[in-house]
Amino acid sequence: MLFDELGTEFESFGTYIDAAVIGRAPLDISNITPATIIDSGSSGLMWQIDTVDYRDRGYAYSTTHQSDDDAIDEFTEKTNVKEETVSTLKFDSGIHKNMWIGNCMAVGNAYGFVGPLH
């Protein structure tokens, strides 16, 4: 990330939720749910956000309490998203100590990120 390259210090919140499995499935517009749906997983939370063409699903979880493979298995079983379409990502919830360096300013998730369940 740009702010990492600029050398600003990142302060981690030190929370357990540090990874996510994400996937999407095609969706007919007549089946859209006009709200974010949240459900529990064994080590975090699952979400569903519908858009015009897709149902975006995700599972934010703790790698301290569940392996990536187990999280993928739980996610695909509970959401019916095909395993070959999922990807995983790691993140650290926290903030950059300095939001403005030279002519660069971090706003929103570029400045800091608070993952789910914090």
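Residues numbered from 1 in each chain as written. Predicted model: local features only at pLDDT ≥ 70, side-chain atom pairs only at ≥ 80, totals over all residues. Heavy atoms only, no water.

1. Brief notes about the nonpolar core
Okay, step 1: Within the largest apolar cluster, 10 residues are counted, these being Ala19, Val21, Met46, Tyr59, Tyr61, Ala71, Ile72, Phe75, Val81 and Val86.
Okay, step 2: When residues of this core are traced back to their parent elements, those giving at least two are strand S2 (17–26), strand S5 (54–62) and helix H2 (68–79).
Okay, step 3: Looking at this core, the element that brings in the most residues is H2, giving three residues.
Okay, step 4: Residues contacting Ala19, with those up to four places away along its chain left out, are Tyr59, Ala60, Tyr61, Thr63, Leu89, Lys90 and Phe91.
Okay, step 5: In this structure, Ile17, Trp47, Ala60 and Phe91 belong to the second largest nonpolar core, which totals six residues. (Core = buried A, V, L, I, M, F, W, Y, C linked by side-chain atoms within 4.5 Å. Buried < 20%, exposed > 50% of the residue type's maximum accessible area, 1.4 Å probe, protein only. Helix = DSSP H or I, 4+ residues; strand = E, 2+ residues; numbered from the N terminus. Contact = heavy atoms within 4.5 Å.)

2. Digging into the confidence of the model for the chain
Low pLDDT marks stretches whose predicted atomic positions should not be read closely.
Okay, step 1: In the predicted model, the chain carries a mean pLDDT of 86, and the fraction of residues at 70 or more is 92%.
Okay, step 2: Ranking the helices and strands of the chain by mean pLDDT puts H2 first, with 95, and helix H1 (residues 2–5) last, with 67. (pLDDT = per-residue confidence, 0-100.)

3. A look at the sheet that holds strand S4 (residues 44–50)
Sheet strands pair by backbone hydrogen bonding; their relative direction is either parallel or antiparallel.
Okay, step 1: An order of S3-S4-S5-S2-S6 is seen for the five strands of this open sheet, with the pairing classed as antiparallel. In the strand order of this sheet, the two ends are held by strand S3 (37–41) and strand S6 (87–90), each with one partner. Pairwise comparison of adjacent strand axes, ignoring direction, gives a mean angle of 20° for this sheet.
Okay, step 2: Bridging between S2 and S6 involves four bridges; their strand directions are antiparallel. Its bridge partner being in S6, Ala19 is matched across the sheet by Lys90.
Okay, step 3: Where H2 meets the sheet, it contacts S2, S3, S4, S5 and S6, and its direction lies at approximately 145° from that of S5. (Pairing = 2+ DSSP bridges. Axes fitted to C-alpha atoms, helices over the stretch in contact; angles between N-to-C directions.)

4. With respect to a nonpolar patch on the surface
Okay, step 1: On the surface, a cluster of nonpolar side chains totalling about 420 Å² of accessible area is made up of Met99, Trp100, Met105 and Val107.
Okay, step 2: On the secondary structure map, Met105 appears in strand S9 (residues 104–105).
Okay, step 3: Of the residues examined, Met105 reaches a relative accessible area of 43% and is grouped as partly exposed. (Patch = residues over 30% accessible without salt bridge, like charges linked within 9 Å, V, L, I, M, F, W, Y side chains within 5 Å. Areas by Shrake-Rupley, 256 points an atom, 1.4 Å probe, with all protein chains shown as cover. Salt bridge = Lys/Arg side-chain N within 4 Å of Asp/Glu carboxyl O.)

5. Digging into the packing of aromatic side chains
Okay, step 1: Evaluation of the coordinates by the stated rule reveals one aromatic pair.
Okay, step 2: On the numbers, 5.4 Å between centres and 35° between planes, the contact of Tyr59 with Tyr61 is tilted. Of the two residues, Tyr59 and Tyr61, both sit in the buried class.
Okay, step 3: When the ring centre of Tyr54 is taken as reference, the NZ or CZ atom of Arg24 above it lies at 4.2 Å. (Phe/Tyr/Trp six-rings, centres within 6.5 Å; stacked < 30°, edge-to-face > 60°. Lys NZ or Arg CZ within 6 Å of the ring centre and 35° of its normal.)

6. Some words on the pairing of S3
Okay, step 1: Bridging between S3 and S4 involves five bridges; their strand directions are antiparallel. Bridging from a neighbouring strand, Ile37 pairs with Gln48 of S4.
Okay, step 2: Between S3 and S4, which pair antiparallel one after the other, the connecting turn spans two residues.

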